[in-house]
Amino acid sequence: MHNPVKISNKIKKFNEKISVSGDKSISIRCVLLATQAIGISRIYNLLESEDVLNALKSIKRLGVNYKKKKNFYEIESFGLRSLNKLNRVVVNAGNSGTLARLILGILVDNDNEVTLKGDNSLSGRDFTRVIEPLKKFGVNFIVKKKNLPLIIKGTKFLRPINYYEKLGSAQCKSAVMLAALKTPGITKIKAKKSRNHTELMFKELEIPIKVIKEKYYDLIEIRGLTNFNSFEYRVPGDLSSSAFFLVLTLLSKESKIRITNVNINETRTGIIKILNRMNAKIVYKNKKKYKGEIVSDILVKSVNNLKGIRCPKSLNSSAIDEFLIIFLVAAKAKGISTFSDLGELNKKESPRLNIAIKLLKMMGIKILRKNNDIKIYGNPKLNLKGKFIVKNYNKDHRIFMMSCIAALTFGGNWKIFDKDSTYTSFPHFLKIIKQLGADIIEN
Ligand code: S3P
């Protein structure tokens, strides 16, 4: 275990305006879609975290160049077949499930073998969920069990598919959408609701796409093999990174924060809906539309009458990366909070449901579990004393950041491993938290 931080003091009151770095999902999509466009794309405010840097390294290995300019990245490409030149390339997606699954979608028409590998955490995750639909397009895979490393061997004779995405996984949906882009004819997808950045980008790029929204599912049709031009994109702030500061503020005393230019796409704002139902008064100011997305400042104040929630499972997908931090609010709220059908949480960078339960119990919170449903018995008087040590499970960045927020708001003497995990999604996390006045010892 490496790079612990020590936290022994609660954060004092603060009143600040901050900005967080670019959205991870959109950054990775921009990099991958730029490789399919004709011309030079410019991406501003690209998140410079390990997951996104691995996306840049991967496209370079596959033969598409990028340049870092003063405040943007340039990616030059020649259209839909730009990645197909090299044989026996090894691509390393590091820790990123999004990169690994989406890049498979753009390799479907590459009849050279490409090996896809990742770090220990990613290598343990399930790839059948994306291999199965891609096989239906005519793609071949060599894979042991269901994990990385795997070899993908695409084909020039792709056929469109009908695909029913039942997990609510935007990664699976997007991999199939990218494959559809490279396939003649119309691919039809029925997808359980999940983040829709890929759909919005396809529309902006004038890729032929139709989306019909139903209550729980979206029906998507994509006509493949349409060339599209390079683009400019200014990546908005990441709501998943902002979430840590929203909760830090809610759980601190007499504090306020304004987070500027955050993406508040409806398919991502589960956390805002959940926290507002728990008595938070989170408001938006300065809302603007940007390329189909909605970008806004988010304002939040401390609250001392948080209440429990019976969280509807229809919000699960739009809060999927935020449950760890939401559980901390439930721990401090009055009454019992219930969350159900959270199996997907155990399929992330670490088995997050299991680990969250373990950490909450370590903090003395009563929590009951039945299959993938949990009940958290909140304690508004929660005030921790004593020592707490948090290993970093599978180098999971969100476990590290959640633990820092718990230490800064609940008290106690904490040693939390491993701070370098923040490079995965949010390299400035500790810098911003210190700017708010947190007393954190790094060694
Ligand atoms: C992501 C989708 C989600 C999310 C991940 C990013 C994306 O995963 O957890 O952090 O960018 O498409 P699933 O699609 O597997 O639920």
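Position labels on residues start from 1 in each chain and follow its written sequence. Two thresholds apply to this predicted model, a pLDDT of at least 70 for residue-level local features and 80 or more for giving and counting side-chain atom pairs, whereas whole-chain, interface and lining totals are computed over all residues.

**Structural notes on unusual backbone geometry**
Line of reasoning, step 1. A cis amide bond links Leu 148 with the next residue in sequence, Pro 149, at an omega value of -5°.
Line of reasoning, step 2. Here a strand is any run of E in DSSP of at least two residues, a helix any run of H or I of at least four, and the numbering for each starts at the N terminus. Structurally, Pro 149 can be placed in the loop between strand E8 (140-143) and strand E9 (150-153).
Line of reasoning, step 3. The amide bond that connects Phe 417 to the next residue, Asp 418, takes the cis arrangement and shows omega of -15°.
Line of reasoning, step 4. Along the polypeptide, Asp 418 turns up in the loop between strand E22 (413-416) and helix H13 (429-435).
Line of reasoning, step 5. Backbone geometry at Lys 145 places phi at a positive 50°, although glycine is not the residue there.

**So, the domain arrangement of the chain**
Line of reasoning, step 1. The domain boundaries here were taken from an automatic or database domain assignment. In terms of domain boundaries, the chain breaks down into domain 1 (5-22 + 236-442) and domain 2 (24-234).
Line of reasoning, step 2. Distance from the C-alpha centre of domain 1 to the C-alpha centre of domain 2: 29 Å.
Line of reasoning, step 3. Taken residue by residue, the interface counts 22 residues in domain 1 and 24 residues in domain 2.
Line of reasoning, step 4. Under the scheme applied here, ten amino acids are nonpolar (Ala, Val, Leu, Ile, Met, Phe, Trp, Tyr, Cys and Pro), four are charged (Asp, Glu, Lys and Arg), and all others, including Gly, are polar. For the side of domain 1 that touches domain 2, the class distribution of residues is 3 nonpolar, 11 polar and 8 charged. Each residue gets a C-beta atom placed from its backbone, and two residues are in contact if those atoms lie within 7 Å.

**With respect to the pairing of strand E7 (residues 113-117)**
On a regular strand, one side chain projects to one face of the sheet and the next to the other, so that they alternate.
Line of reasoning, step 1. Of the two faces of E7, the one lined by Val 114 and Leu 116 is fully buried and the one lined by Glu 113, Thr 115 and Lys 117 carries no buried residue.
Line of reasoning, step 2. Any two strands between which DSSP finds at least two bridges are classified as paired. Inspection of the sheet shows strand E6 (residues 89-92) paired to E7 by 4 bridges, in the parallel sense. Looking at the pairing, Val 89 lines up with Val 114 of E7.
Line of reasoning, step 3. With the strands aimed away from the viewer, a crossover counts as right-handed if its path from the first strand over the helix to the second runs clockwise. The parallel pair E6 and E7, bridged by helix H3 (residues 97-106), forms a crossover whose chirality is right-handed.
Line of reasoning, step 4. Strand direction decides the pairing type here: E7 and E9, joined by 4 bridges, are antiparallel. If you follow Thr 115 over to E9, its bridge partner there is Ile 151. Three exposure classes are used, based on other C-beta atoms lying within 10 Å of a residue's own C-beta, which is placed from the backbone: buried for 20 or more, exposed for 12 or fewer, and partly exposed in between.

**Describing the site of the ligand**
Line of reasoning, step 1. Residues in close proximity to the ligand include Ser 25, Gly 97, Thr 98, Ser 169, Ala 170, Gln 171, Ser 174, Ser 194, Arg 195, Ile 320, Asp 321 and Glu 344, which together make up its full environment.
Line of reasoning, step 2. The leading source of residues in the shell around the ligand is helix H6 (residues 170-181), at 3 residues.
Line of reasoning, step 3. Taken together, the residues that form the shell around the ligand break down as 2 nonpolar, 7 polar and 3 charged.
Line of reasoning, step 4. Counting contributing residues per domain, the shell around the ligand is built from domain 1 (5-22 + 236-442) and domain 2 (24-234), each supplying no fewer than three. Near residues are defined by distance alone, with the backbone-placed C-beta atom required to lie within 6 Å of the molecule or strand.

**As for the sheet that holds strand E23 (residues 441-442)**
Line of reasoning, step 1. A sheet is described by the order of its strands in space; here 4 strands give the open sequence E21-E22-E1-E23, paired in mixed fashion. The open sheet has two free edges, formed respectively by strand E21 (387-390) and E23, since each of these has just one partner strand.
Line of reasoning, step 2. Where strand E1 (residues 5-7) meets E22, 3 bridges bridge the pair, whose relative direction is antiparallel. Paired with Ile 7 across the strands is Trp 414, a residue of E22.
Line of reasoning, step 3. Sitting on the sheet, helix H12 (residues 397-410) is in contact with E1, E21 and E22, with an inclination near 170° to E22. Fitted lines through C-alpha atoms give the axes, limited to the stretch in contact for helices. The angle between two N-to-C directions lies from 0 to 180 degrees.

**Some thoughts on the packing of helix H1 (residues 24-34) against helix H2 (residues 50-61)**
Line of reasoning, step 1. At a minimum axis distance of 9 Å, the contact between H1 and H2 shows a crossing angle of 10°. The pairing of H1 with H2 is recorded here as roughly parallel in orientation. Facing Lys 24, Ser 27, Ile 28, Val 31 and Leu 32 of H1, the residues of H2 in contact are Asp 51, Val 52, Ala 55, Leu 56 and Ile 59.
Line of reasoning, step 2. Here the contact of H1 with H2 is composed, by residue class, of 7 nonpolar, 1 polar and 2 charged. Note on angle classes: values under 35 degrees are labelled roughly parallel, values over 145 roughly antiparallel, values of 65 to 115 roughly perpendicular, and the remainder oblique.

**Brief notes about helix H8 (residues 239-251)**
Line of reasoning, step 1. Its 13 residues place the ends of H8 18 Å apart at the C-alpha level, agreeing with the 18 Å of an ideal helix rising 1.5 Å per residue.
Line of reasoning, step 2. A large share of H8 lies buried, amounting to 13 of its 13 residues. What a helix is expected to span follows from its residue count: subtract one and scale by 1.5 Å.

**Quick look at the nonpolar core**
Grouped burial of nonpolar side chains is what soluble globular proteins tend to show.
Line of reasoning, step 1. In plain words, the nonpolar core is the set of buried Ala, Val, Leu, Ile, Met, Phe, Trp, Tyr and Cys residues that C-beta atoms within 7 Å link up. Judged by nonpolar contacts, the single largest core of 73 residues is most densely connected at Val 247, Phe 327, Leu 328, Val 329, Cys 404 and Ile 405.
Line of reasoning, step 2. Judged by nonpolar contacts, the second largest core, of 64 residues, contains Leu 33, Ile 106, Val 130 and Ala 180.

**Looking at helix H5 (residues 128-136)**
The periodicity of an α-helix, 3.6 residues per turn, causes residues three or four positions apart to be oriented the same way.
Line of reasoning, step 1. Taken together, the buried positions of H5 are occupied by Val 130, Pro 133 and Leu 134. Along H5, the residues classed as buried sweep out an arc of 100° about the axis, all on the same side.
Line of reasoning, step 2. Residues of H5 that are buried make contact with H3, strand E10 (162-165) and H6.
Line of reasoning, step 3. Of the residues flanking the end of H5, it is Gly 138, one or two places downstream, whose phi is positive at about 110°. Note: the arc covers the axis-to-C-beta directions of the helix.

**Side note on the sheet that holds strand E19 (residues 366-370)**
Line of reasoning, step 1. The strand order across the open sheet formed by 3 strands is E18-E20-E19, and the pairing between neighbours is antiparallel. What marks the edges here is a single partner per strand, and that holds for strand E18 (336-339) and E19. Adjacent strand axes in the sheet meet at a mean angle of 15°, parallel and antiparallel pairs treated alike.
Line of reasoning, step 2. Two strands pair when backbone bridges link them, and E18 and strand E20 (residues 373-377) are joined in this way by 4 bridges, in the antiparallel orientation. Along E20, the bridge assignment pairs Ile 336 with Tyr 377.
Line of reasoning, step 3. In the packing of helix H11 (residues 352-362) onto the sheet, contacts are made with E19 and E20, and the angle to E19 comes to roughly 155°.

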